[in-house]
Amino acid sequence: MVVLLTGYASLFGQDWQDNFFRLKSLNIGGIFPFGENHNLIAEYLNIGAFFVLIFREFIKSPRGKRLTDIIFALTAIGIIMTFSRAGWITLFLQSLIYFFYRTQDNKKERLAMIIFSLAALVVISPLLWKMSVLQENNTSSTENRVLLTEISLQAFKERPLIGYGNGEFVNLVGENIRFRAKYGEPLDSHGMLQKLLAENGLIGLSAWLFLLFYLARTAFLALRKYYPQLKWILPFSLAAGGGLFFQFFNTSYFKGRVWLPIVLFLIAIKFSDELYDKKNKRPTHPAQS
């Protein structure tokens, strides 16, 4: 909520007529508490939006549910207003999965969701046009990503098994004369796969992909077992998964804002397993019984 409110507050004072405006981190006392890059704001909001829907499942009053719906809508609009491509893609996939599960047994509700989605696309079409104009005028951003990927692949060719070591990607970029001449100060990777490939090689990347597969499988099995009996498990999985999916375009995969939702989700699954076993009078740990 703090990120969302400060993000909207950042719109005030921006030149809406002559400059491109977007939701971004607010400068508080000379520092940016949530990071300077607009992608970092989108990253927080992609996780937070579906945490709002978790609380919605526990609220009984219609007024409380309406309030959470409004907060979710404002958060989704906030993600769109960041004009973060990663944020838009992540939100689209999260929403697609959410609507698929919520309407799988109700064709009328699914039709209503489709109509609502089409109406929402019409409403935000000016922003879609603005994004396309932004990307046309910002081709250097795409070229930058391509060059960083080339640096990653070159590093992988030189040290394919174990890479150059954690934190070395920026140094590899700094040693690239072409990058320094065109863009100046070295940047970190624009995605975890490129970073892992250069820093940890094939062994590190394989271990990471195995971890991702394990977490995705755990979420899928939990949804199949408990949904829709436990409706909160759907937005919980999307909040945790959204933060992790975002890392295909970012490099916050070692930070707490990504892992705290995942840990909470795993704890929630464990707690649900124990309740389920107790209800069915089955011991959770046979060795302890």
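Residues numbered from 1 in each chain as written. Predicted model: local features only at pLDDT ≥ 70, side-chain atom pairs only at ≥ 80, totals over all residues. Heavy atoms only, no water.

Draft legend 1. Spotlight on the environment of Leu11. Residue position: Leu11 is located in the loop between α1 (2-9) and α2 (38-56). Here Leu11 falls in the buried class, since its relative accessible area comes to 9%. The sequence separation of Leu11 and Ser25 amounts to 14 residues, and the corresponding C-alpha distance is 9.8 Å. (Helix = DSSP H or I, 4+ residues; strand = E, 2+ residues; numbered from the N terminus. Buried < 20%, exposed > 50% of the residue type's maximum accessible area, 1.4 Å probe, protein only.)

Draft legend 2. Region of interest: a nonpolar patch on the surface. Residues Ile89, Phe92, Leu93 and Leu96 make up a contiguous nonpolar surface patch of roughly 360 Å² in combined accessible area. Assignment of secondary structure puts Phe92 in helix α4 (residues 85-102). (Patch = residues over 30% accessible without salt bridge, like charges linked within 9 Å, V, L, I, M, F, W, Y side chains within 5 Å. Areas by Shrake-Rupley, 256 points an atom, 1.4 Å probe, with all protein chains shown as cover. Salt bridge = Lys/Arg side-chain N within 4 Å of Asp/Glu carboxyl O.)

Draft legend 3. Structural context of the pattern of salt bridges. Applying the stated criterion to the full structure yields seven salt bridges. Here Arg102 makes a salt bridge to Glu57, at a shortest N to O gap of 3.0 Å. With Arg102 in helix α4 and Glu57 in the loop between α2 and α3 (62-81), this pair connects stretches of sequence that are 45 residues apart. By relative accessible area, Glu57 is classed as buried at 18%. With a closest N to O distance of 3.1 Å, Glu150 and Arg178 form a salt bridge. With a gap of 28 residues between them, Glu150 in helix α6 (residues 139-158) and Arg178 in helix α8 (residues 177-183) connect regions that are remote in the sequence. With relative accessibility at 37%, the residue Glu150 sits in the partly exposed group.

Draft legend 4. Summary view of the environment of Leu45. Its place among the elements puts Leu45 in helix α2. Residues Leu45 and Val3, spaced 42 residues apart in sequence, show a C-alpha to C-alpha distance of 7.5 Å. Ignoring sequence-local partners within four residues, the contact set of Leu45 consists of Val3, Leu4, Leu23, Thr75, Gly78 and Ile79. (Contact = heavy atoms within 4.5 Å.)

Draft legend 5. The arrangement of the layout of surface pockets in detail. The volume enclosed by the second largest pocket comes to roughly 580 Å³. Along the walls of the second largest pocket sit 25 residues, with Ala216, Ala219, Ser237, Gly241 and Gly242 positioned nearest its centre. Elements that contribute at least two residues to the lining of the second largest pocket include exactly α4, α9 (192-226), α10 (233-245) and α11 (256-279). Split into classes, the residues belonging to the lining of the second largest pocket amount to 19 nonpolar, six polar and no charged. (1 Å grid on protein atoms, 1.4 Å probe; cavity = no way out; pocket = protein on both sides within 12 Å on 5 of 7 lines; lining within 4 Å. Points joined across faces, edges and corners; volume = space filled by probe spheres on them. Nonpolar A, V, L, I, M, F, W, Y, C, P; charged D, E, K, R; others polar.)

Draft legend 6. Representation of the packing of aromatic side chains in the model. All chains considered together, the criterion is met by 17 aromatic pairs. Summarising the aromatic geometry, the rings of Phe34 and Tyr44 are spaced 5.6 Å apart at their centres and angled 75 degrees between planes, so their arrangement reads as edge-to-face. Taken together, the residues Phe34 in the loop between α1 and α2 and Tyr44 in helix α2 connect sequence positions ten residues apart. Tyr44 sits in the partly exposed class, given a relative accessible area of 25%. The ring centre of Tyr164 lies 4.2 Å from the NZ or CZ of Arg159, which sits over that ring. (Phe/Tyr/Trp six-rings, centres within 6.5 Å; stacked < 30°, edge-to-face > 60°. Lys NZ or Arg CZ within 6 Å of the ring centre and 35° of its normal.)

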